[in-house]
Amino acid sequence: MNFEWLTLSWLMNHLHWAVGILVVGLVILFFFPILLGLQLKNDSNQVTGE
């Protein structure tokens, strides 16, 4: 793989894109356990009949 274009000056010019990608990843990683917990709670309520 050829990453000669990945230099510090390129990263500084495109820092907003790098930060945006990281923020999107953090949002996905933050909400996944919450949604999974809600689904498990709903499934357990259906099993117990509540």
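As the structure is a prediction and not an experimental result, all values here were calculated from the model.

**Focus: the overall build of the protein**
Phase 1 of the analysis: A count of helices and strands for the protein gives 2 helices and 0 strands.
Phase 2 of the analysis: Taken against the 2.2 N^0.38 rule, which gives 10 Å for 50 residues, the C-alpha radius of gyration of the protein at 20 Å runs more than 25% over that of a compact globule.
Phase 3 of the analysis: Structurally, the protein occupies a C-alpha span of about 60 × 25 × 10 Å along its principal axes.
Phase 4 of the analysis: For the protein, the proportion of its 50 residues judged to be buried stands at 0%.

**A short note on the packing of aromatic side chains**
Phase 1 of the analysis: Scanning the entire structure with this criterion turns up 3 aromatic pairs.
Phase 2 of the analysis: Their ring planes at 55° and their centres at 6.0 Å tell us that F3 and W5 sit as a pair that is tilted.
Phase 3 of the analysis: Taking the centre distance of 4.9 Å and the plane angle of 75° together, the rings of W5 and W10 count as edge-to-face.
Phase 4 of the analysis: Taking relative accessible area as the criterion, W5 reaches 45% and is therefore assigned partly exposed.
Phase 5 of the analysis: Among the aromatic side chains, those forming a connected cluster through ring pairs are F3, W5 and W10.

Criteria and thresholds
Residues numbered from 1 in each chain as written. Predicted model: local features only at pLDDT ≥ 70, side-chain atom pairs only at ≥ 80, totals over all residues. Heavy atoms only, no water. Helix = DSSP H or I, 4+ residues; strand = E, 2+ residues; numbered from the N terminus. Rg over C-alpha atoms; globule rule 2.2 N^0.38 Å. Buried < 20%, exposed > 50% of the residue type's maximum accessible area, 1.4 Å probe, protein only. Phe/Tyr/Trp six-rings, centres within 6.5 Å; stacked < 30°, edge-to-face > 60°.

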